[in-house]
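Overview (structure and organization)
If you want the building blocks of each chain, they are given just below.
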Amino acid sequence: MTNMNDTPFDYYADKKHDHTHGHHAPVTGRDEGPPSEYEVMSRAMQELLEAKGIVTADEVRRRMEIFEQDYPYRGSRVIARAWTDPAFKRRLLKDGKAACAEMGVDLEATRLIAVENTPEVHNLIVCTLCSCYPRELLGSPPTWYKSDNYRARVVFEPRSVLKEFGTLLPEDVTVRVHDSNADMRYVVVPMRPQGTEGWSEEQLAEILTRDTLVGVTVPKARSQKSEGRG
Amino acid sequence: MTDKPLNKGPHDMGGSAAGPIDTMDHGMRFWEKQANALRSTLTGKKIVRLDALRRAAEDLGDQYYKLAYFERTTAALRTVLLEKGLFTEAELKAKMAEVRSRFEVPREPHSSAGEGTDR
Amino acid sequence: MMRTRPKRAKKPRPSTYTPAPGHRFSVGDRVAIKRAFPPGHRRTPYYIRGKEGVIERICGAFPNPEELAYGFDGEPAKVLYRVRFEQKHVWPDYQGPARDIIEMEVFEHWLAPAPGREKRAKATRSG
């Protein structure tokens, strides 16, 4: 069983390609090494709550599975649909939650605003105050999204941050940063790249990695596996 | 006389000076996925409010900067669950000792695996 | 083909937005964020306090997070807006072009009409 802390990679990009590099840490996995104080605290709290009938182990396990096996795959499907169906894209941009519901994607409490990249505007998402993120659409956020350095810098030097992700934008493109600080959550609808003409929704979903849906990178019309980051 | 901005919480970091971003996603350890699922279960069942969890994290003060992401969220959850009286400090302390003893492994000469702050 | 309506009341279609009756501001209004620094849980970032922007959209009315954080029900709901700002206005040392913008959500009680500004052309709702 692979230690998740070994080689950094986009777990979800890997899974989309259905490669078996042995990186599929199952939900029933274990961490190696002695637990930190906070791991002990978290487990203890859960056990106390279970003992008092406030939550069950099953409920928590089911949430883990949903976060692992369901949520991370929704966003790319929804955006791939938007790429192939212009009327759906319009509805998605008008009301993200309603459009997802159309596709049977239940965002639960999340209120989604989809923002569209155009040749004139590039969108970029952050939550400076904590880590607000459309989890029911994209799964758990990547560690960089939750990092202090991203939260601090992307609002005042977005282009510099984009450069760190390997994304260079022309000066005549407007960078539009969204600080998701209250009740709304955001997803970027990237521009569909050249070279994807005639692709199926499934093929399109594969290049719509998480990073492209937050706006730090743009999708490319080729396999992502050489990049090591989604 | 302090130079600190009036009532600026440690979490309110938009625009603060900061270093390079580690652009690789390091994923979540198993206990972090479980902690995340616990939080999600509790907020989904409306046992705790996300707003209260955020406030409790913000109230960590300088400690906020010393903690990694899931350490902050765990500390915040502890605060809110204690506030709600869902367990006592004594109960938590006892349960933590019990959990810790279950994890007891023979001491190795090398240091433990880095917890990895999410910075 | 005509269909009879189901007798059971339909579940309301999910929407990102909620109604905001009595909203004080409209899309395109120039607003100023209060230059206030109260203690406690606030969802208006420090860096935007006192800045001026334009209403980009009305999100709806939501329970006040400043109250929810302390165990109150946050009612009555407060209108939440998205506000657009010019980066060069927000950050005096902003290095990018003047066209760059930043947007965020601001509750109505943090907003006032921008002093001495006439209404400009409507902010586009480019999503």
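What counts, and at which threshold
- Residues numbered from 1 in each chain as written.
- Chains lettered and ligands numbered in written order.
- Predicted model: local features only at pLDDT ≥ 70, side-chain atom pairs only at ≥ 80, totals over all residues.
- Heavy atoms only, no water.
- Helix = DSSP H or I, 4+ residues; strand = E, 2+ residues; numbered from the N terminus.
- Buried < 20%, exposed > 50% of the residue type's maximum accessible area, 1.4 Å probe, protein only.
- Contact = heavy atoms within 4.5 Å.
- Areas by Shrake-Rupley, 256 points an atom, 1.4 Å probe, with all protein chains shown as cover.
- Buried area = accessible area lost by both parts, 1.4 Å probe.
- Salt bridge = Lys/Arg side-chain N within 4 Å of Asp/Glu carboxyl O.
- Pairing = 2+ DSSP bridges.
- Axes fitted to C-alpha atoms, helices over the stretch in contact; angles between N-to-C directions.
- Core = buried A, V, L, I, M, F, W, Y, C linked by side-chain atoms within 4.5 Å.
- Phe/Tyr/Trp six-rings, centres within 6.5 Å; stacked < 30°, edge-to-face > 60°.
- Left-handed = near helix turned anticlockwise from the far one by under 90°.
- Nonpolar A, V, L, I, M, F, W, Y, C, P; charged D, E, K, R; others polar.
- pLDDT = per-residue confidence, 0-100.
- Polar contact = N/O pair within 3.5 Å; in protein donor to acceptor, adjacent residues only side chain to side chain.

**Digging into the overall build of chain C**
For chain C, the helix and strand inventory stands at 2 helices and 5 strands. In chain C, the succession of helices and strands from N to C terminus is β-β-α-β-α-β-β. Each of the 127 residues in chain C was classed as buried or not, and the buried ones make up 49%. In chain C, 67% of the contacts between residues at least 6 apart in sequence involve partners at least 24 apart. In the form shown here, chain C has an accessible surface area of approximately 7300 Å², with 54% of it arising from carbon and sulfur atoms.

**Here's the deal with helix 4 (residues 74-84) of chain A**
Within helix 4 of chain A, 8 of the 11 residues are buried, leaving the element largely enclosed by the surrounding structure. Turning to helix 4 of chain A, its buried residues number three or more, namely Arg74(A), Gly75(A), Ser76(A), Val78(A), Ile79(A), Ala80(A), Ala82(A) and Trp83(A).

**Things to note about the interface of chain A and chain B**
Much of the literature gives interface size as the accessible area that the parts lose upon coming together. Contacts between the two partners involve 62 residues from chain A, matched on the other side by 61 residues from chain B. Counting the surface lost from both chain A and chain B, the interface buries some 6000 Å², and carbon and sulfur atoms represent 61% of this. The tally of links between chain A and chain B comes to 8 salt bridges. Of the charged contacts, one joins Glu47(A) and Arg102(B) as a salt bridge, the two residues approaching to 2.6 Å between their closest N and O atoms.

**Notes on the sheet that holds strand 4 (residues 101-107) of chain C**
One open sheet holds the 7 strands; their spatial order is 2(A)-3(A)-4(C)-3(C)-2(C)-1(C)-5(C), and the pairing between them is mixed. Strand pairing shows two members of the sheet lacking a second neighbour, strand 2 (121-126) of chain A together with strand 5 (111-113) of chain C, which therefore form its edges. Direction aside, the axes of adjacent strands within the sheet are offset by 35 degrees on average. As judged from the 7 bridges shared by strand 2 (residues 52-62) of chain C and strand 3 (residues 78-86) of chain C, these two strands associate in the antiparallel manner. Note on strand 3 of chain C: the bridge partner recorded for Arg57(C) is Arg82(C).

**Considering the nonpolar core**
Of all hydrophobic cores here, the largest spans 74 residues; its most connected members are Leu92(A), Leu137(A), Tyr150(A) and Leu111(C). In this structure, Tyr38(A), Ala44(A), Val48(B) and Val80(B) belong to the second largest nonpolar core, which totals 40 residues.

**Side note on unusual backbone geometry**
Geometrically, the link from Glu75(C) to Pro76(C) is a cis peptide bond, its omega value of 0 degrees lying close to zero. Among the structural elements, Pro76(C) can be located in the loop between helix 1 (65-68) and strand 3. Residue Asn7(B) is not a glycine yet carries a positive backbone phi of 55 degrees. Turning to its location among the elements, Asn7(B) is positioned in the segment before helix 1 (30-44). Of note, Lys46(B) is a non-glycine position whose phi angle comes to about 60 degrees, a positive value. Its location among the elements puts Lys46(B) in the loop between helix 1 and helix 2 (50-58). A relative accessible area of 72% places Lys46(B) in the exposed class.

**Some points on the packing of aromatic side chains**
Applying the stated criterion across every chain, the model contains 14 aromatic pairs over all chains. Consider the rings of Trp144(A) and Tyr150(A), whose centres lie 5.1 Å apart with planes at 70 degrees: the pair is edge-to-face. The pair Trp144(A) / Tyr150(A) is uniform in exposure class, with both members buried. Aromatic pair Tyr64(B) and Tyr65(B): ring centres 5.9 Å apart, planes at 80 degrees, arrangement edge-to-face.

**Here we look at the packing of helix 2 of chain B against helix 4 (residues 69-83) of chain B**
Packed helices, taken two at a time, are described by the angle their axes make and the gap between the axes. All names here are of chain B. Between helix 2 and helix 4, whose axes approach to 8 Å, the crossing angle comes to 115 degrees. Judged by the sense of rotation from one axis to the other, the crossing of helix 2 with helix 4 is right-handed. Residues Ala 52, Leu 53, Arg 55, Ala 56 and Ala 57 of helix 2 lie in contact with helix 4, whose contacting residues are Ala 76, Leu 77, Thr 79, Val 80 and Glu 83. A breakdown of the residues in the contact of helix 2 with helix 4 according to their chemical character gives 7 nonpolar, 1 polar and 2 charged.

**Remarks on the confidence of the model for chain A**
Residues and elements named next belong to chain A. Here chain A averages 88 in pLDDT, and 83% of its residues register 70 or above. Across residues 1-28 the pLDDT falls below 50, and counting only partners more than four positions away or on other chains, this stretch makes 61 contacts in the model. Note that pLDDT drops below 50 for residues 224-230; the model gives that stretch 20 contacts with residues more than four away or on any other chain.

**Looking at the interface of chain B and chain C**
Counting residues at the interface gives 13 residues for chain B, matched by 15 residues for chain C. Roughly 1200 Å² of surface becomes buried between chain B and chain C when both sides are summed, with 53% attributable to carbon and sulfur atoms. Its largest share of buried area at the contact with chain C, chain B owes to Asn7(B), Asp51(B) and Arg55(B), together 35% of the area lost on that side. Our count for the contact surface shared by chain B and chain C stands at 0 salt bridges. At the junction of chain B and chain C, the tally comes to 5 residue pairs in polar contact (both at pLDDT 80 or more). Residues that form the side of chain B that touches chain C fall into these classes: 3 nonpolar, 3 polar and 7 charged.

**Describing the packing of helix 2 (residues 37-51) of chain A against helix 5 (residues 89-103) of chain B**
Running from N to C, helix 2 of chain A and helix 5 of chain B point in directions that differ by 115 degrees, and their axes come no closer than 8 Å. Crossing handedness for the pair helix 2 of chain A and helix 5 of chain B: right-handed. Contacts between helix 2 of chain A and helix 5 of chain B involve Glu37(A), Glu39(A), Val40(A), Met41(A), Arg43(A), Ala44(A), Met45(A), Glu47(A) and Leu48(A) on the former and, on the latter, Glu91(B), Leu92(B), Lys95(B), Met96(B), Glu98(B), Val99(B), Arg100(B), Arg102(B) and Phe103(B). Broken down by class, the residue content of the contact of helix 2 of chain A with helix 5 of chain B amounts to 9 nonpolar, no polar and 9 charged.

**Points about the environment of Val83(C)**
Residues and elements named next belong to chain C. Tracing the sequence through the fold places Val 83 in strand 3. Look at Val 83 and you get buried, because its relative accessible area is 0%. Sequence separation between Val 83 and Arg 57 is 26 residues, and the spatial gap between their C-alpha atoms is 7.2 Å. Beyond its immediate chain neighbours, meaning those up to four positions away, Val 83 contacts Val 31, Gly 53, Val 54, Ile 55, Glu 56, Ile 102, Glu 103, Met 104, Val 106 and Leu 111.

**Quick notes on the pattern of salt bridges**
Under the counting rule described, the total for this entry stands at 32 salt bridges over all chains. Arg57(C) is the partner of Glu56(C) in a salt bridge, and the nearest nitrogen-oxygen pair spans 2.9 Å. Look at Arg57(C) and you get buried, because its relative accessible area is 1%. Connected through shared salt-bridge partners, Arg176(A), Glu56(C), Arg57(C), Arg82(C), Arg84(C) and Glu103(C) make up one network.

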